[in-house]
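# Structural overview for review
Each chain, letter by letter, is given below.
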Amino acid sequence: SKWVYRFGGGEAEGRATDSVRLGGKGANLAEMAALGLPVPPGLTIVTDACTHYFENGRQLPDGLQSQVLDGIAAMEELTGRVFGGKSKPLLLSVRSGGRASMPGMMDTVLNLGLNDDTVQALGHDAGDARFAWDSYRRFIQMYGDVVMGLDHEVFEEILEDEKARLGHEYDTDLSAVEWQHVVTLYKQVIEEELEEVFPQDPHVQLWGAISAVFSSWMNPRAKTYRTLHRIPEEWGTAVNVQAMVFGNLGSTSATGVAFTRNPSTGEKALYGEFLVNAQGEDVVAGIRTPQSITEEGRLASGSEKPSMEKLMPEAFAEFKAICERLEKHYCDMQDMEFTIERGKLWMLQTRCGKRTTRAALKIAVDMVEEGLITEEEAVSRIEPPSLDQLLHPTIDPQVERQVLGSGLPASPGAATGEIVFTSEEAVAAEAEGRKVILVRIETSPEDIHGMHAAEAILTTRGGMTSHAAVVARGMGIPCVVGAGSMRVDARNEVLIGSGGVSLRRGEVITVDGSSGHVLKGAVPMMQPELSGDFGKLMQWADRNRRMTVRTNADTPQDARAARSFGAEGIGLCRTEHMFFEGERIHVMREMILAEDEQGRREALAKLLPMQRSDFTELFSIMHGLPVTIRLLDPPLHEFLPKTETEIADVAKAMGMPPAFLARRIDAIHEFNPMLGHRGCRLAISYPEIAEMQARAIFEAAVAAAKETGEPVELEILVPLVSLRTELDYVKGVIDQVAADVAAETGTSINYLAGTMIELPRAAIRAHVIAETADFFSFGTNDLTQTTFGMSRDDAAAFIPTYQRKGIIEHDPFISLDFDGVGELIQIAAERGRCTRNDLKLGICGEHGGDPASIWFCEDAGLDYVSCSPFRVPIARLAAAQAAI
Ligand code: ADP
Ligand code: MG
Ligand code: MG
């Protein structure tokens, strides 16, 4: 079989499209060689050879050796040099390069083939002994480190000592003789430390380096990286063996790295750095300060040191032309490595460059305008989750982070404020105009106010779907949850960081909900910029989208934010959140604790106008767009007072003895409230609650239609249905109220009545439920918890363990479990549409904002996804990508 692909001399056996076998670096070297660009000749050993190596007890495959030697013979011919030759020696670089670039893999070994003889020949040929000894010491250092396993610091120490002894500042100050001495010291330290001599035979060196590249595929760092980034072990790495060119051959030689466009701003301008008389990664190693490639870049940086454009105008002109050519060829911004040997330019690498989100947007938009790519391609190039960076303030990446602790990055963006430990304090502080961070062990619905008032939220317990996380994402405020290494000592009002630092109430911290970090003090931030590029790209995304994107919004504030992000309606309005506002909680408690229907109705009558005004406002913000309102869902005890003082306060307000109230609260207690008296079960036990809500909805719809002239597209959602008869009953209540309101106002409102599909039984019986339901909304948070039988409030305790042990890959509460929960969705969609082929289908769980889950929804034929306001742009983009 063919293990080796050659390139060089204007030809190549491989192409950029062969990266599966040649790895990214090898494939692009082949492509550049085939384009006729100046690439030193070389060969690529395919990734299959790596796989073979591990499947056969670390044996190199038969035939590999002769193919490599043939390839080297071809390099010898092209360069007029001889590998191991005592005159004109050919030196090689050995470079690893998998399909995906991967830290943890073996570093490049340069100048391979040097030994005590060839070093003389190299110096003689070049007429520069200093260069030859410099190359040799570099080789011993790299080989000693990456192949033989002696820590590179050992070598660095020796060099530092020598420089100090000789009184030199820079490596370039050392003479030939001085480098020769360093070489002796390097060889000595290898013998002393490893009890092994540095190999003099170039072939031994070569196979040592090739095996080391393969072996590095299985080193612990590479393995960890693969697990984290889900890179399969079977991929293996390729090895590139290439003729050396020398950037360290004096003042007309150099080495550098460049981007065809600015990777942080996206500006269309060549951007890069180089170093004269240097080799390999000197540029990035920070040994000397690199110089700018372009004159413009030099001026911008205010550097005195001449640019490559000035210093080496011919090489620069050629390089610039190559950059333009590569960009046109790949239709993307390129990140390149090059070397100039005595004025002659050589290309050593090209790849599509990494960039910030801002740059990615600008580059994609510019390239469409330049005619390089289509709108669809531009849309496909942006990673949807990366848009988060644009929608929230972010911590300036330049600044150093003083991390106090970290947790899960539950809601992106960063904010700074004083620590407060209670919601009341947060509210009070906001009233005084102070910025605060609400720090709690966990949050509950009662904290809504405090959460609204805070700049950010930090909890030490809970997972990505805990109350704090869900609410914060909905509000678009930064949030870190489950910071288990930190501790809240509520009694003494201190937050204790991972390192044991205590922070008192009022001390300033910064919470970074994008990374999960909690930082000490205030930190410089970058403000969001929804600039023209963002708008343009989103417009193109919208043109390519099939599903609509709605938002989960409970408050006018959420609804407005979502509209500004392009939401096309509300997919879920959770009415319960409205009952925590201001005085309402008291009325709500009155209703719940009332002794009979009469008492409940009296309290409900007080809630009606409040609910009506909520809905009127939402409808007018949504101005004719669809709005889905869910009837009361949570177990009632969530609204009840908990502490003794709270109970006393409520008892006083309700004019009943505290002990009596405590007994009523006890009676409402449930063992497993999430599976208890909630959802449609409440509407069935207490139809007066559903009646009040339906009345508020219809009266508001009438009012909004009058006000805006555009009737809202109304959808009423009945939660937690598992039986059609449940839905029949609740729908009966809704229909009756609709008829009553129509009769009273003379305006009849069109509406759909549908149900959440959030219980496995409902999914399975979807064809029957669809006889009553006008639409289904997949409530995937509950559907996940009920399908797995895993409480989403408690799952954070074991999901990470499951992931670490390889039992599950993703947290199913974050990214939809396609196999199980997903199949239930497919079943429900199919069966539901059998009964009613125009059945409207949407998703309103947290997954509605997760790109992978959105792809699934596209395939399942859903009509819309609904997500928290700040995820709306992400969902618009992901839905477009799924449809393209
Ligand atoms: P990485 O994957 O870390 O970028 P590379 O294989 O690209 O590693 O090698 C790092 C550097 O080594 C290159 O940027 C280049 O400066 C130098 N290098 C690699 N191959 C050669 C070569 N054939 N001639 C000269 N320098 C080389
Ligand atoms: Mg490297
Ligand atoms: Mg490189």
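Predicted model, so just to flag it, every value in this text is computed and none were measured. (Residues numbered from 1 in each chain as written. Chains lettered and ligands numbered in written order. Predicted model: local features only at pLDDT ≥ 70, side-chain atom pairs only at ≥ 80, totals over all residues.)

## Observations concerning the overall build of the chain
- When you go through the chain residue by residue, the secondary structure sums to 35 helices and 34 strands.
- When the backbone C-alpha atoms are referred to their principal axes, the chain occupies close to 105 × 60 × 55 Å.
- Residue pairs at least 24 apart in sequence account for 67% of intrachain contacts in the chain once pairs closer than 6 positions are excluded. (Helix = DSSP H or I, 4+ residues; strand = E, 2+ residues; numbered from the N terminus. Contact = placed C-beta atoms within 7 Å.)

## Concerning the domain arrangement of the chain
- Assigned domains within the chain: domain 1 (54-243), domain 2 (254-355), domain 3 (393-526) and domain 4 (545-581 + 615-633 + 687-883).
- Using C-alpha coordinates to define each centre, domain 2 is positioned 52 Å away from domain 4. (Domains from an automatic or database assignment.)

## Remarks on helix α7 (residues 176-194)
- The first and last C-alpha atoms of α7 sit 27 Å apart over 19 residues, in line with the 27 Å expected at 1.5 Å per residue.
- Among the residues making up α7, those that are buried are Trp-179, Val-182, Val-183, Tyr-186 and Ile-190. Projection of α7 onto a plane perpendicular to its axis shows the buried side chains occupying an angular sector of 105 degrees, all on one side. The outward face of α7, more than 90 degrees from its buried face, is lined by the exposed residues Val-177, Thr-184, Gln-188, Glu-191 and Glu-192. (Expected span 1.5 Å × (residues − 1). Buried ≥ 20, exposed ≤ 12 C-beta atoms within 10 Å, placed from the backbone. Arc of directions from axis to C-beta.)

## Some details on the sheet that holds strand β23 (residues 502-504)
- Taken in spatial order, the three strands line up as β21-β22-β23 in an open sheet, and their pairing is antiparallel. Two strands in the sheet have a free side with no partner beyond their single neighbour: β21 (487-489) and β23. Across the sheet, the mean angle separating the axes of adjacent strands is 25 degrees when strand polarity is ignored.
- The pairing of β21 with strand β22 (residues 494-496) spans three bridges and is classified as antiparallel. Within β22, the residue paired with Val-488 across the bridge is Leu-495. (Pairing = 2+ DSSP bridges. Axes fitted to C-alpha atoms, helices over the stretch in contact; angles between N-to-C directions.)

## Points about the site of ligand 1
- Around ligand 1 there are 16 residues in total, and Ser-93, Arg-95, Thr-108, Gly-280 and Glu-337 lie nearest to it.
- Sorting the residues of the shell around ligand 1 by element identifies β6 (92-98), β8 (237-243), β12 (334-341) and β13 (344-352) as the ones contributing at least two each. (Near = placed C-beta within 6 Å.)

## Here we look at helix α21 (residues 556-564)
- Within the sequence span of α21, burial applies to Asp-558, Ala-559, Ala-561, Ala-562 and Arg-563.
- In this structure, the buried side of α21 is in contact with α19 (467-475), β27 (548-552), β28 (570-574), α23 (597-622) and α35 (872-883).
- Immediately beyond the C-terminal end of α21, within one or two residues, lies Gly-566, with a positive phi of roughly 95 degrees.

## Let's talk about the sheet that holds β28
- Taking strand neighbours around the barrel as the criterion, the eight strands line up as β27-β28-β29-β30-β31-β32-β33-β34 in a closed arrangement whose pairing is parallel. Each adjacent strand pair in this sheet contributes to an overall mean axis angle of 25 degrees, direction not counted.
- As paired elements, strand β29 (residues 626-630) and strand β30 (residues 713-718) share five bridges and run parallel to each other. Residue pairing across strands places Val-627 opposite Leu-714, the latter belonging to β30.

## Examining the UniProt feature "domain: Pyruvate phosphate dikinase AMP/ATP-binding" (unreviewed entry) in the chain
- Here the UniProt feature "domain: Pyruvate phosphate dikinase AMP/ATP-binding" (unreviewed entry) sits at residues 21-58, 60-295 and 308-370.
- Segment residues 308-370 splits into 56% helix and 27% strand. End C-alpha atoms: 27 Å apart. (UniProt positions renumbered as here; feature names shortened; annotations may be inferred.)

## Brief notes about the packing of helix α14 (residues 357-369) against helix α20 (residues 532-543)
- It is the contact of α14 with α20, at a shortest axis distance of 9 Å, that shows an interaxial angle of 65 degrees. When you trace α14 past α20, the crossing you get is left-handed. Facing Leu-361, Lys-362, Ala-364 and Val-365 of α14, the residues of α20 in contact are Asp-533, Phe-534, Lys-536 and Leu-537.
- Looking at the contact of α14 with α20, its residues break down into five nonpolar, no polar and three charged. (Left-handed = near helix turned anticlockwise from the far one by under 90°. Nonpolar A, V, L, I, M, F, W, Y, C, P; charged D, E, K, R; others polar.)

## Concerning unusual backbone geometry
- Backbone geometry at Asn-277 places phi at a positive 50 degrees, although glycine is not the residue there.
- Structurally, Asn-277 is set in the loop between β10 (271-276) and α10 (282-285).
- Residue Asn-277 is classed as buried on the basis of its C-beta count, with 21 C-beta atoms lying within 10 Å.

## Describing the environment of Val-213
- Mapped onto the elements, Val-213 comes out in helix α8 (residues 202-216).
- Leave out the neighbours within four places in its chain, and Val-213 touches Val-94, Ser-96, Met-106, Thr-237 and Val-239.

## Description of the pairing of strand β1 (residues 4-8)
- Across the five residues of β1, five count as buried, placing the element largely inside the fold.
- By the alternation rule, side chains of β1 split into Val-4, Arg-6 and Gly-8 and Tyr-5 and Phe-7, which are all buried.
- As paired strands, β1 and strand β3 (residues 42-45) are joined by four bridges and run antiparallel to one another. Opposite Arg-6, over in β3, you have Leu-43 as the bridge partner.
- The hairpin turn running from β1 into strand β2 (residues 11-12), its antiparallel successor, is two residues long, and Gly-9 in that turn takes a positive phi close to 65 degrees.

## Brief notes about the nonpolar core
- Core analysis: the largest hydrophobic core is formed by 221 residues, its most contacted members being Ile-45, Leu-537 and Val-865.
- A total of 11 residues in this core trace back to one element, the largest contributor, which is helix α27 (residues 687-708).
- Leaving out residues up to four positions away in the same chain, Leu-537 has contacts with Leu-361, Ala-364, Val-365, Ala-378, Val-379 and Ile-382.
- By size, the runner-up hydrophobic cluster in this structure holds 47 residues, among which are Ile-395, Leu-404, Ala-415 and Met-486. (Core = buried A, V, L, I, M, F, W, Y, C linked by C-beta atoms within 7 Å.)

## Description of the environment of Met-674
- Position of Met-674 among the secondary structure elements: in the loop between α25 (658-668) and α26 (680-685).
- A C-alpha to C-alpha distance of 68 Å links Met-674 and Tyr-186, two positions 488 residues apart in sequence.

## Some words on the pairing of strand β19 (residues 456-459)
- Side-chain alternation along β19 places Ala-456 and Leu-458 on one buried face and Ile-457 and Thr-459 on a second face that is also buried.
- Strand direction decides the pairing type here: strand β18 (residues 436-440) and β19, joined by four bridges, are parallel. The residue bridging Ile-437 from the neighbouring strand is Ala-456, located in β19.
- Each parallel crossover has a hand, and the one from β18 via helix α18 (residues 448-453) to β19 is right-handed.
- Here two bridges tie β19 to strand β20 (residues 479-481), and the two strands are oriented parallel to one another. Paired with Ile-457 across the bridge in β20 is Cys-479. (Right-handed = clockwise from strand over helix to strand, strands pointing away.)

## Some thoughts on the confidence of the model for the chain
- Per-residue confidence for the chain averages 92 on the pLDDT scale, and 99% of its residues sit at or above 70.
- What the predictor reports for the complex is a pTM of 0.81 with an ipTM of 0.95. (pLDDT = per-residue confidence, 0-100.)

## Quick word on the packing of helix α24 (residues 644-654) against α25
- With their axes 9 Å apart at the nearest point, α24 and α25 run at an angle of 110 degrees to one another. Of the possible angle classes, the one that applies to α24 and α25 is roughly perpendicular. Facing Ile-647, Ala-648, Val-650, Ala-651 and Met-654 of α24, the residues of α25 in contact are Pro-658, Leu-661 and Ala-662.
- Counted by class, the contact of α24 with α25 contains eight nonpolar, no polar and no charged residues. (Parallel < 35°, antiparallel > 145°, perpendicular 65-115°, else oblique.)

## Overview of the environment of Asn-552
- Relative to the helices and strands, Asn-552 resides in strand β27.
- What makes Asn-552 buried here is the crowd of 28 C-beta atoms within 10 Å.
- Between the C-alpha atoms of Asn-552 and Leu-572, which are 20 residues apart in sequence, the distance is 4.6 Å.
- Excluding its chain neighbours within four sequence positions, the residues that come into contact with Asn-552 are Gly-474, Gly-571, Leu-572, Cys-844, Ser-866, Cys-867 and Ser-868.

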